[in-house]
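Architecture at a glance
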Amino acid sequence: MTRLVLEGLRRTYGPTVAVDRVDLEVAQGELVALLGPSGCGKTTTLRMVAGFVAPTAGRILIGGKDVTSAPPYGRDTGMVFQGYALFPHMTVAENVGFGLEMRRVGRAERDTRIAEALRLVRLDGYGERRITQMSGGQQQRVALARALVVNPGVFLLDEPLSNLDARLRAEVRVEIRALQQRLGLTTLFVTHDQEEALTMADRMVVMDHGRVRQIGPPEELYERPADLFVAGFLGRCNTFRGRVESPGTFRAGAIALPCDGGTPGITSAMVVRPERVAIDRTTGRLPGRIAMVTYLGGLTDWHVQTDAGTVLVTRPTPTDGDALRHLAPGDPVHLDWSPAAGRLLPDENPTDPTTGVSA
Amino acid sequence: MGRENNPCATVPETAPWGMATIRAIIWRGGVGAVFAVVLLPMLAVMWLSFFDQEVISFPPEGYTWAWYVNAWEKRQFARGFVNSLQLALLASAIGVTLGTAAAYALVRAKFPAKSFIGTLLLGPLAVPGVVLGTALYVFFVEFDNAFDFQIVATLPGLIAAHVLLTVPWTVRLVAASLQGIGPAAEEAAANLGARPWTVFRRVTLPMMRSGVVAGALFSFIQSFENLELTLLLVGPGRSTLPVEMLNYLEFRIDPTLAAVATIQIVIIGALMLITDRFVNLSRVVS
């Protein structure tokens with residue numbers, strides 16, 4: 001059983017706080033994604049777990065053992081680096097076997113395990129190749145094999161997909177997740193790509209300015225974000241600012257909008273996901289005019305100018321014969337949503353009365 | 001140079017004297033001129049070494065191997081060559097070891113006054129050899145007086161002086177190649193269980209090999225052909241090849257020196273060609 005525990009982890013660089021009071025538990029076999037904009041402290045957190053950055057305060061436990069001050073080579077972690085960090089002067093097999101060699105595994109067993117690891121990442125037969133002869137996707141898989149072959153207690157991934165093209169990225173994403181689940185690896189995964197985190201993680205940690213904003217399963221973070229930052233960072237949302245008039249009614253300026261419960265009189269923000277907004281030519285509580293139509297293939301985005309600001313609506317592209325099929329800028333439409341779709345959140349910037357779309 | 005691998009030679013057959021052709025001619029001419037300026041002095045020396053006359057005049061009266069025979073028979077050149085070789089090998093070995101360690105610290109470690117120390121290590125490149133030699137001579141004499149320990153005109157003293165020539169080259173070339181490889185591979189090795197010394201030996205050193213080899217080569221050449229610094233510090237009976245050549249020049253001007261220089265050019269040229277087989281020199285130096 002290898003559990004990873006971070007307790008009150010903190011790292012400062014002079015006056016700058018890179019990571020502040022991060023508490024996290026990663027259970028055996030769980031994949032936790034650290035997600036956030038660049039500079040949010042996610043990579044520093046990962047590097048503290050690997051031992052490349054010493055924490056200013058806090059503790060790191062791997063399998064119950066305190067490794068806070070252990071050197072990188074004394075920790076039971078296997079890491080996949082952003083640029084793969086393969087050894088260019090060694091063959092594929094020598095790269096994969098390096099960790100085993102350091103652990104003084106005998107030649108025969110080493111060869112067996114190298115072959116096994118290469119088979120695991122579908123690179124059997126490539127052992128004698130040089131790193132420079134491998135494509136980006138293959139190098140990525142060598143890096144995976146090199147980290148996995150030593151059976152690490154904790155598997156660390158630092159933006160492992162960012163150097164791959166979009167199609168390959170989707171493929172490798174599924175592969176890594178399948179491997180991780182099959183081997184039951186306790187995994188910490190750093191990414192700035194929300195889609196990557198949503199599709200791969202058992203739980204996600206959204207970070208900003210060194211702090212953890214919210215921890216939870218993907219559905220929870222997407223559907224019940226704790227604050228405006230999480231709501232805006234994960235997916236797109238429409239944000240309205242105003243106050244709760246009565247339970248279920250939110251007032252933004254002169255407009256009354258449906259919301260999910262709420263205590264009357266409270267100033268707050270309300271967020272509505274664009275796919276939860278209904279659009280119709282004739283009926284709906286919020287009238288407006290089409291400002292822009294963006295055809296995305298299966299989906300269509302409509303930007304609608306209303307008295308409560310510009311509202312983004314995303315829906316499956318209407319089929320021929322649908323009244324919405326040929327909506328054009330300037331056309332009048334009506335928007336509406338169920339009260340449950342209007343999530344109330346604390347307004348972090350109450351002096352700013354603007355409403356509108358945030359991507 | 002074949003027509004097919006010249007990017008400028010995309011001239012339509014119907015217009016043999018179009019702008020592209022003229023541009024190609026100017027381009028080739030320019031490149032040729034640069035090569036000529038670099039190569040002509042060396043070729044001239046090689047040519048002179050075969051002139052069959054003591055006082056050089058053009059055109060030559062004939063050609064002979066006699067100057068090579070003379071260079072061989074004047075034992076001071078052979079002695080000087082052995083001395084130079086010994087000095088250059090030792091000074092390079094010490095300089096490359098120290099310079100590599102220094103470059104590693106400068107690129108990877110964090111410590112106060114880092115950029116100052118970096119500049120200081122390149123300093124000897126900026127000081128003229130005669131100034132450096134004079135300063136070292138005075139310093140060595142003072143050292144002798146203060147500690148009653150002979151260092152002026154000894155081989156260790158000369159080696160120490162030459163290390164000043166070899167360190168800057170190594171620091172510069174090794175630091176450049178280290179900057180190119182970044183710390184990620186070293187971190188990966190540490191993550192896989194390698195201790196610091198193992199990381200250096202198994203990952204860092206092989207990855208910066210081309211920088212170290214180039215540093216060693218340039219150090220060797222610098223030390224081997226140095227005259228100004230050596231002249232002031234060399235002891236009796238330990239003259240290096242350049243010093244012996246200067247001594248010879250004081251009494252005679254004949255193509256013997258051209259013959260010696262030709263041998264030196266051939267040796268250093270061969271050294272560079274061999275090195276280029278192992279590391280891509282042009283990549284490291286540029």
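Some thoughts on the overall build of chain A
Check the secondary structure of chain A and you find eight helices and 21 strands. Projected onto its principal axes, the C-alpha positions of chain A cover 75 × 50 × 35 Å. Burial status across chain A gives 40% buried among its 359 residues. Within chain A, residue pairs in contact and separated by at least 24 positions form 65% of the contacts whose partners lie at least 6 positions apart.

Remarks on the overall build of chain B
Looking only at helices and strands, chain B features 13 helices and zero strands. Here the C-alpha atoms of chain B give a radius of gyration of 24 Å, more than 25% beyond the 19 Å that 2.2 N^0.38 yields for 286 residues. C-alpha atoms of chain B, sized along the principal axes, occupy 65 × 60 × 30 Å. When burial is assessed residue by residue, chain B has 32% of its 286 residues classed as buried. Within chain B, contacts between residues at least 6 apart in sequence are counted, and of these 73% link residues at least 24 apart.

Looking at the confidence of the model for chain B
Detailed reading of the predicted coordinates is not advisable wherever pLDDT falls low. All names here are of chain B. The predicted model of chain B has a mean per-residue pLDDT of 84, with 91% of residues at 70 or higher. Mean pLDDT values over the elements of chain B span from 58, in helix H13 (residues 281-285), up to 94, in helix H7 (residues 184-191). Considering only residues more than four positions removed or in separate chains, one finds that residues 1-5, a stretch of pLDDT under 50, has two contacts. Scored by ipTM, the complex comes to 0.82, with pTM at 0.78.

Describing the nonpolar core
One recurring pattern in soluble globular proteins: nonpolar side chains tend to sit buried together. Formed by 101 residues in total, the largest nonpolar core has its most connected members in Ala-33, Ala-145, Leu-188 and Phe-189 of chain A. Ignoring sequence-local partners within four residues, the contact set of Ala-33 of chain A consists of Phe-189, Thr-191, Ala-197, Met-200, Ala-201, Met-204 and Val-205 of chain A. Counting residues in hydrophobic clusters, the runner-up holds 35 residues, among them Val-167, Leu-217, Leu-232 and Val-234 of chain B.

Topic: the interface of chain A and chain B
Each side of the interface is counted separately: chain A has 17 residues, and chain B has 14 residues. No other element matches helix H2 (residues 92-102) of chain A, which puts three residues into the side of chain A that touches chain B.

Quick word on the sheet that holds strand E19 (residues 332-336) of chain A
Residue and element names in this part refer to chain A. Spatial strand order, E15-E19-E16-E17-E18: five strands in an open sheet with antiparallel pairing. Edge positions in the open sheet fall to strand E15 (278-280) and strand E18 (309-316), since each of these has one partner strand only. Each adjacent strand pair in this sheet contributes to an overall mean axis angle of 40°, direction not counted. Relative to E19, E15 runs antiparallel, the two being bridged by three bridges. Directly across from Ala-278, in E19, lies its bridge partner Asp-336.

Thoughts on unusual backbone geometry
The backbone of Asn-151 of chain A sits at a positive phi, close to 50°, despite the residue not being glycine. The phi dihedral of Ala-113 of chain B is positive, around 60°, even though this residue is not glycine. Relative to the assigned elements, Ala-113 of chain B resides in the loop between helix H3 (75-108) and helix H4 (114-122).

Thoughts on the domain arrangement of chain B
Size of an interface: often given as the accessible area lost when the parts come together. With domains assigned, chain B is organised as domain 1 (3-36) and domain 2 (75-285). Each of domain 1 of chain B and domain 2 of chain B has a C-alpha centre, and these two points are 41 Å apart.

What to know about the pairing of strand E11 (residues 237-246) of chain A
Residue and element names in this part refer to chain A. With respect to burial, E11 is a largely interior element, seven of its 10 residues being buried. Judged from the six bridges that link them, E11 and strand E14 (residues 267-272) form a sheet pairing that is antiparallel. What sits directly across from Phe-240, in E14, is Met-270. Pairing of E11 with strand E12 (residues 249-252), which is carried by three bridges, proceeds in the antiparallel orientation. If you follow Ser-246 over to E12, its bridge partner there is Thr-249. Once E11 ends, the chain turns through two residues before running back antiparallel as E12, passing Gly-248 with a positive phi of about 95°.

Description of helix H11 (residues 241-251) of chain B
All names here are of chain B. Listed in full, the buried residues belonging to H11 are Leu-241, Pro-242, Glu-244 and Met-245. When H11 is viewed along its axis, its buried side chains cluster within an angular range of 160° and face the same direction. Turned more than 90 degrees from where H11 packs its buried face, Glu-250 and Phe-251 sit exposed. In this structure, the buried side of H11 is in contact with H3, helix H10 (228-233) and helix H12 (256-278).

Quick notes on the confidence of the model for chain A
The predicted model of chain A averages 90 in pLDDT, with 97% of residues at 70 or higher. The secondary-structure element of chain A with the lowest mean pLDDT is strand E21 (residues 356-358) of chain A, recorded at 45, while strand E3 (residues 31-35) of chain A shows the highest, at 95.

Side note on the packing of helix H9 (residues 209-224) of chain B against H12 of chain B
Residue and element names in this part refer to chain B. Where H9 contacts H12, the two axes come as close as 11 Å, and the packing angle between them is 175°. Relative to H12, the element H9 lies roughly antiparallel. Contact with H9, carried on its side by Val-213, Leu-217 and Ile-221, involves Ile-268, Leu-271, Met-272, Thr-275 and Phe-278 of H12 and no other residues of that element. A class-by-class count of the residues in the contact of H9 with H12 yields seven nonpolar, one polar and no charged.

Observations concerning the pairing of strand E1 (residues 4-13) of chain A
Each regular strand carries side chains that alternate between the two faces of the sheet. All names here are of chain A. Judged from the seven bridges that link them, E1 and strand E2 (residues 16-26) form a sheet pairing that is antiparallel. Residue pairing in the sheet places Tyr-13 in a bridge with Thr-16 of E2. As consecutive antiparallel partners, E1 and E2 are separated by two residues, and within that stretch Gly-14 has a phi angle of approximately 60°, a positive value. Looking at chain direction, E1 and strand E4 (residues 57-62) are connected through five bridges and run antiparallel. Residue Arg-10 lies in a different strand from E4, and its bridge partner there is Ala-57.

What counts and what doesn't
- In this numbering scheme, every chain counts its residues from 1 along its sequence in written order.
- By the order in which they are written, chains take letters starting at A while ligands take numbers starting at 1.
- Where local features are concerned, this predicted model is filtered to residues with pLDDT of at least 70; where side-chain atom pairs are given and counted, the filter is 80 or more; whole-chain, interface and lining totals use all residues.
- Each helix corresponds to a stretch of at least 4 residues labelled H or I by DSSP, and each strand to a stretch of at least 2 residues labelled E; elements are numbered beginning at the N terminus.
- Labels follow a simple rule on C-beta atoms placed from the backbone: if 20 or more others lie within 10 Å of a residue's own, it is buried; if 12 or fewer, it is exposed; otherwise it is partly exposed.
- This entry defines residue contacts through backbone-placed C-beta atoms, with two residues in contact when those atoms are within 7 Å.
- For this measure, only C-alpha atoms enter the radius of gyration; the expected value for a globule follows 2.2 Å times N^0.38, where N is the number of residues.
- As a per-residue measure, pLDDT tells how confident the predictor is, with possible values from 0 to 100.
- Joined through C-beta atoms within 7 Å, a set of buried Ala, Val, Leu, Ile, Met, Phe, Trp, Tyr and Cys residues constitutes a nonpolar core.
- One requirement defines pairing of two strands: DSSP has to find at least two bridges between them.
- Interaxial angle, 0 to 180 degrees, is taken between N-to-C directions of lines fitted to C-alpha atoms, where a helix line uses only the stretch in contact.
- Residue ranges assigned to each domain were obtained from an automatic or database domain assignment.
- The arc refers to the directions leading from the helix axis to the C-beta atoms.
- An angle below 35 degrees is read as roughly parallel, one above 145 as roughly antiparallel, one from 65 to 115 as roughly perpendicular, and any other as oblique.
- Gly is placed with the polar residues, together with every amino acid not listed as nonpolar (Ala, Val, Leu, Ile, Met, Phe, Trp, Tyr, Cys and Pro) or charged (Asp, Glu, Lys and Arg).

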